[in-house]
Amino acid sequence: RAQFRIEAHDNAAPPQAGASAWGSVEIVDFEAVHGLTERLWLAAEKNLESLAAAQKRASALAKDLGAAPADPPALRQELENRLSGQPGAWRITVKSLESLAAAMASDPLSNQGVAAQTAELAGEVAGMEPEALKEASGSARRGDWPAAEKEFGRLAQRLQSAHRTL
């Protein structure tokens, strides 16, 4: 931030002088601010894509478990490992969307309408997690493979849609 004041002198007889009120100029590195927004955008896209892929894989595992004549322990363990990491992955994804929305709101080169839409998208993704993920995980843990396949598949589609929106 730079402050300034303009002084003026004339050559009249007698000479007169005057000074303006103090003014200020804020110097902003738009490229650096916008660069941060771009990096956050890429991270949010990557997180959404990864979360959608995890839901798709969980759906495929549930399908395989449902089609298996016996309950293969390796598949069940892989699904359980995926389920245990889901809440953290959702939090990371939601946080990355919220960070992107905040960065866009303060980025003078970003479209503010898109910033508001990104904030809404973060809320939608956050809203999916408690109910839909809990339902899908519950079906998987109960061994209701057709329901788990369907619910994880639906989550994957919703996340892919969010990714396309972004």
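Structure: see above.
If you're wondering where the values come from, they're calculated on a predicted model, not measured in any experiment.

(A) The arrangement of the overall build of the protein chain in detail. When helices and strands are tallied, the protein chain shows four helices and four strands. Expected size for 166 residues packed as a compact globule is a radius of gyration near 15 Å; at 27 Å, the protein chain overshoots this value by more than 25%. With respect to the three principal axes, the spread of C-alpha positions in the protein chain is 110 × 25 × 20 Å. Relative to its full complement of 166 residues, the protein chain shows a buried share of 32%. Across the protein chain, the fraction of contacts at a sequence separation of at least 24, relative to all contacts at a separation of at least 6, is 63%. Taking the average location of the 18 positive side-chain charges in the protein chain and that of its 22 negative ones, the two points are 8 Å from each other.

(B) Broad picture of a nonpolar patch on the surface. Judged by side-chain polarity, Phe 4, Ile 6, Val 25 and Ile 27 come together as a nonpolar surface patch covering roughly 400 Å² of accessible area. Summarising the element assignment, Val 25 is placed in strand 4 (residues 23-25). Given the relative accessible area of 41%, Val 25 is considered partly exposed.

(C) Here's a closer look at helix 4 (residues 145-165). In this model, helix 4 (21 residues) spans 30 Å end to end at C-alpha, consistent with the 30 Å of a helix rising 1.5 Å per residue. Residues of helix 4 that are buried include every one of Trp 145, Ala 147, Ala 148, Glu 151, Phe 152, Leu 155, Ala 156, Leu 159 and Ala 162, and no others. Here the buried residues of helix 4 occupy an arc of 165° about the axis, which is enough to place them on one side. In this structure, helix 4 carries Pro 146, Lys 150, Gln 157 and Arg 164 as exposed residues pointing more than 90 degrees from its buried face. Against helix 1 (30-67), helix 2 (73-106) and helix 3 (112-142) lie the buried residues of helix 4.

(D) Fine view of the packing of helix 1 against helix 2. For the pair helix 1 and helix 2, interaxial distance at closest approach is 8 Å and the crossing angle is 155°. Relative to helix 2, the element helix 1 lies roughly antiparallel. When you trace helix 1 past helix 2, the crossing you get is left-handed.

(E) Layout of helix 2. For helix 2, with 34 residues, the first-to-last C-alpha span of 50 Å sits near the 50 Å given by 1.5 Å per residue. Taking the largest bend as the criterion, helix 2 deviates by roughly 40°, centred on Gln 86, and proline Pro 87 comes between one and four positions later. Looking at helix 2, one finds that the buried residues are Leu 79, Leu 83, Gln 86, Trp 90, Thr 93, Val 94, Ser 96, Leu 97, Leu 100, Ala 101, Ala 103 and Met 104. Its buried side turned inward, helix 2 meets helix 1, helix 3 and helix 4.

(F) Region of interest: the pattern of salt bridges. Considering all chains together, one arrives at four salt bridges under this definition. Arg 5 is the partner of Glu 7 in a salt bridge, and the nearest nitrogen-oxygen pair spans 3.4 Å. In this structure, Glu 78 engages Arg 57 in a salt bridge whose closest nitrogen and oxygen atoms are separated by 3.1 Å. Of this pair, Glu 78 sits in helix 2 while Arg 57 is found in helix 1, placing the two residues 21 residues apart along the sequence. We classify Glu 78 as partly exposed; its relative accessible area is 26%. Overall, the relative accessible area of 29% leaves Arg 57 in the partly exposed class. Beyond isolated ion pairs, a larger network of salt bridges with shared partners links Arg 57, Glu 78 and Arg 82.

(G) Main features of the nonpolar core. Counting residues in hydrophobic clusters, the biggest one holds 31 residues, and the most contacted among them are Leu 79, Trp 90, Leu 97, Val 125, Phe 152, Leu 155 and Leu 159. When contributions to this core are tallied by element, the ones reaching two or more residues are helix 1, helix 2, helix 3 and helix 4. At nine residues, the largest contribution of residues to this core is made by helix 3. Ignoring any residue separated from it by four or fewer positions in sequence, one finds Leu 159 in contact with Leu 48, Leu 51, Ala 52, Gln 55, Trp 90, Val 125 and Met 128.

What counts as what
- Residues numbered from 1 in each chain as written.
- Predicted model: local features only at pLDDT ≥ 70, side-chain atom pairs only at ≥ 80, totals over all residues.
- Heavy atoms only, no water.
- Helix = DSSP H or I, 4+ residues; strand = E, 2+ residues; numbered from the N terminus.
- Rg over C-alpha atoms; globule rule 2.2 N^0.38 Å.
- Buried < 20%, exposed > 50% of the residue type's maximum accessible area, 1.4 Å probe, protein only.
- Contact = heavy atoms within 4.5 Å.
- Lys, Arg positive; Asp, Glu negative; His and termini not counted.
- Charge placed at Lys NZ, Arg CZ, Asp CG, Glu CD.
- Patch = residues over 30% accessible without salt bridge, like charges linked within 9 Å, V, L, I, M, F, W, Y side chains within 5 Å.
- Areas by Shrake-Rupley, 256 points an atom, 1.4 Å probe, with all protein chains shown as cover.
- Salt bridge = Lys/Arg side-chain N within 4 Å of Asp/Glu carboxyl O.
- Expected span 1.5 Å × (residues − 1).
- Arc of directions from axis to C-beta.
- Axes fitted to C-alpha atoms, helices over the stretch in contact; angles between N-to-C directions.
- Parallel < 35°, antiparallel > 145°, perpendicular 65-115°, else oblique.
- Left-handed = near helix turned anticlockwise from the far one by under 90°.
- Bend = angle between axes of the 7 residues up to and from the residue.
- Core = buried A, V, L, I, M, F, W, Y, C linked by side-chain atoms within 4.5 Å.

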